[in-house]
Amino acid sequence: MTTRSVTIGLALGLLACSDQGGDTRTASTVEPPRTADLSYAPALSVPAYPEGQGPAVCVDETHNNFHTSVGTYLPFADVLGQDGYAVHRFTGVEGPKLEECDILVIADAQPPERADDPPTFSAEEVSALDAWVAAGGSLFLITDHMPDPGAIEALAASFGLEVHDGYVLEGSPDGPARPTVFRRDDGSLTDDPLLDGRSPEEAVTQVATFLGSAFRGPDGFRPLLVLGPGFLSWAPERYYEFEEDSPRIDVGGWSQGGVLEHGRGRVAIFGEAAMFTAQVFDEGRTLVGMNAPEALHNLRLLLNVMHWLGRLEDLPDG
């Protein structure tokens, strides 16, 4: 039995999008230092809303979130601010309450530190979030690779979504990790109106993800990013340590991104978190996220998802 934790751990570390929860944390020895890429400053020629007058977007900080609007999701928050959204930190203590949020962003909630700690989302929270969405709220639920899908499993299930707690890789973990590129011309990006945007300039034809996890949805779910044949979700006993007999499942046909309506509300879910921010690893030598060369239209995808969640298409012209 061969353990590939050293070479594979370093390769995956360059693409990793979350720290590792639990008592067996290895990120400090596996993952190169990362920072938000503050040089990433795309100019939006036509913002969707006047400055600060768009929907209220609350970025969660209450569920062990690895990514926050003042941390590694700062480029995410900056882009939304440019597009006219009113972006707030959602701390559960200060700032807006849930009923004051039009769109709630939960980015990379992580499992508890210890096995005997309460779950990341209590049953009461799951019920409250389900009811809030059903009453008309919009939820942007973003997770990442193992162990983070386990943190949102119950919440996702309340919307009929099945998440797999693993690492999505094309085939074997041997060799260097590479971004997964989704394209319109091969069908891995679907022909969904959300991906068309409001004009040809907003059409999404290529996006990249950086490891992450897979999920599938119920009837009425609209997949946007579809994994092709040969993709496996690996669930090793220890984070990053892949062995020949590590459990894995075939996730060809599963999704890494999609949307659904729930009652009067909307849910967008994505299985990878770096794709919606911009980060630099390894002293600036590696770009991961919207700033990566493979991420041709990740920025457009982010804006189109936000426009859908905020019901921009429902607004009258002019």
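Now for a look at the structure at hand.

Rules of the game
- Residues numbered from 1 in each chain as written.
- Predicted model: local features only at pLDDT ≥ 70, side-chain atom pairs only at ≥ 80, totals over all residues.
- Heavy atoms only, no water.
- Disulfide = S-S within 2.5 Å.
- Helix = DSSP H or I, 4+ residues; strand = E, 2+ residues; numbered from the N terminus.
- Buried < 20%, exposed > 50% of the residue type's maximum accessible area, 1.4 Å probe, protein only.
- Pairing = 2+ DSSP bridges.
- Axes fitted to C-alpha atoms, helices over the stretch in contact; angles between N-to-C directions.
- Salt bridge = Lys/Arg side-chain N within 4 Å of Asp/Glu carboxyl O.

Comments concerning the state of the cysteines
- Going through the model one piece at a time under the given rule, you end up with 1 disulfide.
- Each sulfur of the disulfide joining Cys58 and Cys101 lies 2.1 Å from the other. Taking the sign of the torsion about the S-S bond as the criterion, the disulfide between Cys58 and Cys101, at about -95°, is left-handed. In this pair, Cys58 sits in strand 2 (residues 56–60) while Cys101 sits in the loop between strand 3 (86–90) and strand 4 (103–107), placing the two residues 43 residues apart along the sequence. The same class applies to Cys58 and to Cys101, which are both buried.

Overview of the sheet that holds strand 12 (residues 231–234)
- Strands sit in the order 7-12-13 across an open sheet of 3 strands; the sheet is antiparallel. Every interior strand has two partners, whereas the edge strands, strand 7 (167–170) and strand 13 (248–250), have only one. Between one strand axis and the next, the sheet turns by 30° as a mean value, whatever way the strands run.
- With 4 bridges connecting them, strand 7 and strand 12 associate as antiparallel partners. Bridged to Tyr167 within strand 12 is Trp234.

A few points about helix 3 (residues 74–82)
- Along helix 3, the residues that are buried comprise Pro75, Phe76, Ala77, Val79 and Leu80.
- Positive backbone phi, at 100°, marks Gly84, one or two positions downstream of helix 3.

Digging into the pattern of salt bridges
- Throughout the structure, instances matching the rule amount to 10 salt bridges.
- Linking Asp191 and Arg184 is a salt bridge whose minimum nitrogen-to-oxygen distance equals 3.7 Å.
- Judged by its relative accessible area of 72%, Asp191 falls in the exposed class.
- Glu202 serves as the salt-bridge partner of Arg198, at 2.6 Å between the closest nitrogen and oxygen.
- Exposure remark for Arg198: the relative accessible area of 47% places this residue in the partly exposed category.
- Take Glu202: its relative accessible area is 17%, and that puts it in the buried class.
- Each member of the salt-bridge network shares a partner with another, and the members are Arg184, Asp191 and Asp196.

Quick word on unusual backbone geometry
- Omega for the peptide link from Met146 to Pro147 comes to 15°, which places this bond in the cis form.
- Located in the positive-phi region is Asp108, a residue other than glycine, with phi close to 55°.
- On the basis of relative accessible area, Asp108 is assigned to the buried category, the value being 0%.
- One non-glycine residue with positive phi stands out, namely Leu211, at about 80°.
- By secondary structure assignment, the location of Leu211 is in the loop between strand 9 (206–209) and strand 10 (214–216).

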